[in-house]
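Chain by chain, the residues run as shown.
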Amino acid sequence: MTRIVVLTGAGISAESGLRTFRDGGGLWEGHDVEAVATPEGFERDPDLVLRFYDDRRRGAASASPNTAHRALAQLEDGIGDDLLIVTQNVDDLHERAGTRRLVHMHGELARALCLACGARPDWHRDLIDRPPCPACGQRALRPDVVWFGEVPYGLDIIERAVIACDVFVSIGTSGAVYPAAGYAALASASGARTVELNLEPSAADVPFDDPRVGRASDLVPAWVDEMLCAR
C-alpha cells in the first residue's frame, strides 16, 4: 500500500484557460489582491468583490478539465482511498474530471458562505444582487473563498494525511503561500518521497527528491502511469 498526497495549485488549471492567482505585480486579473481577496476589501467595496467573483465563477464554469485533472482522477480510480488530493484552487475542474477524495483548502467558487448563519450552500449563480441564503433567508452571502487573513479549510485532515503519506506530489504551485508551502517539508521530515511537477522549480523549503519541469498536462499523466504500473 502506497499512500499518496497530491497538492495542486494554479498551474494545473492554467492549462484549462484559467489565469493564475496573481502576477508578479500582486494583481489578480487587473485588480489589487488586497481589494478583492481580503475581508477588509469586501468591507470597503462589497459590490466590487461580488462582481469579481461572479466573473470568476462564470469563467471557471466555462473551462474544461485537462489531461492532468483527468489523470489524477484515473489515479484515484486505481488506488482509491490511498490517494488524497489537496487543492489550492477554487475551481471545480478536479471534481468534473471525476475526483472524489478532495480537499479545497482555499474554498470553492461553486459555494457561497452565509455571514448570518455560517451555511455553505452549493452556488452557481451571481451574488451581486444579494440573493437570500437558502438556509436562513438572510441576504448575507459572500463567496466561499478563503481570503488573506482567513484560516484555510481542512487543515487537520491535510496535516494528518501529509504526515502519514509515502509519496507527496506538488503540481503547479509556487511554494510561496503558507500553510501549503510547508507541506513538502513536513512530508519529507515524516519520511515521504517528494515529487514536484511544475513549469519551473518552486520556492520550496527543502529540495524535492524528484523535481520534474514541464507542462502539467504532459508530466502528470506520465507520473500517474508510473504509479499505476508500480502497484
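Before reading on, note that the structure itself is shown above.
The sections below set out a description of the structure shown in this document. Everything numeric in this text was worked out from a predicted model, so none of it was measured.

The topology assignment puts Ile12 in helix 1 (residues 10-14). Put simply, Ile12 and Val103 are 91 residues apart on the chain and 16 Å apart in space, counted from C-alpha to C-alpha. Look past the residues within four positions of Ile12 in its chain and what remains in contact with it is Asn66, Ala68, His69, Leu72, Asn89, His94, Ile171, Gly172 and Ala216.

Position of Glu196 among the secondary structure elements: in strand 9 (residues 193-198). At 10 Å, Arg212 is the nearest oppositely charged side chain to Glu196, a buried residue that forms no salt bridge. Non-local contacts of Glu196, meaning those with residues more than four positions away in its chain, are made with Ser170, Thr173, Pro201, Ser202, Phe208, Asp210, Pro211 and Arg212.

Here the focus is the packing of helix 5 (residues 67-79) against helix 9 (residues 216-230). Where helix 5 meets helix 9, the axes come as close as 8 Å, and the angle between the chain directions of the two elements is 15 degrees. On the basis of their axis angle, the class for helix 5 and helix 9 is roughly parallel. The way helix 5 lies across helix 9 gives a crossing that is left-handed. Each of Thr67, Ala68, Ala71, Leu72, Gln74, Leu75, Gly78 and Ile79 in helix 5 lies in contact with helix 9, whose residues at this interface are Ala216, Ser217, Val220, Pro221, Trp223, Val224, Met227 and Leu228.

Turning next to the packing of aromatic side chains. All chains considered together, the criterion is met by three aromatic pairs. Considering the side-chain rings of Phe52 and Tyr53, the 5.1 Å spacing of their centres and the 85 degrees angle between planes classify their relative orientation as edge-to-face. In this structure, Phe52 and Tyr53 share a single accessibility class: buried. These aromatic residues form a ring-pair network of at least three members: Phe42, Phe52, Tyr53 and Trp147. The side chain of Arg142 reaches across the aromatic face of Trp147, ending 3.7 Å from its centre.

On inspection of all chains with the given rule, the structure shows one cavity of 30 Å³ or more. As for the largest cavity, its lining consists of 14 residues, and the residues nearest its centre are Leu7, Ser170, Gly175, Ala180 and Ala181. Partitioning the lining of the largest cavity into residue classes produces nine nonpolar, five polar and no charged.

So, about the pattern of salt bridges. As enumerated under the stated definition, the model contains 18 salt bridges in all. Glu15 is paired through a salt bridge with Arg215; the nearest N and O atoms lie 3.2 Å apart. With Glu15 in the loop between helix 1 and strand 2 (27-28) and Arg215 in the loop between strand 10 (210-213) and helix 9, this residue pair connects regions lying 200 residues apart in the sequence. Under the relative-accessibility criterion, Arg215 is labelled partly exposed at 46%. The salt bridge partner of Asp210 is Arg212, with a shortest N-O separation of 2.8 Å. One exposure class covers both Asp210 and Arg212, and it is buried.

About the cut-offs
- Residues numbered from 1 in each chain as written.
- Predicted model: local features only at pLDDT ≥ 70, side-chain atom pairs only at ≥ 80, totals over all residues.
- Heavy atoms only, no water.
- Helix = DSSP H or I, 4+ residues; strand = E, 2+ residues; numbered from the N terminus.
- Contact = heavy atoms within 4.5 Å.
- Buried < 20%, exposed > 50% of the residue type's maximum accessible area, 1.4 Å probe, protein only.
- Lys, Arg positive; Asp, Glu negative; His and termini not counted.
- Salt bridge = Lys/Arg side-chain N within 4 Å of Asp/Glu carboxyl O.
- Axes fitted to C-alpha atoms, helices over the stretch in contact; angles between N-to-C directions.
- Parallel < 35°, antiparallel > 145°, perpendicular 65-115°, else oblique.
- Left-handed = near helix turned anticlockwise from the far one by under 90°.
- Phe/Tyr/Trp six-rings, centres within 6.5 Å; stacked < 30°, edge-to-face > 60°.
- Lys NZ or Arg CZ within 6 Å of the ring centre and 35° of its normal.
- 1 Å grid on protein atoms, 1.4 Å probe; cavity = no way out; pocket = protein on both sides within 12 Å on 5 of 7 lines; lining within 4 Å.
- Points joined across faces, edges and corners; volume = space filled by probe spheres on them.
- Nonpolar A, V, L, I, M, F, W, Y, C, P; charged D, E, K, R; others polar.

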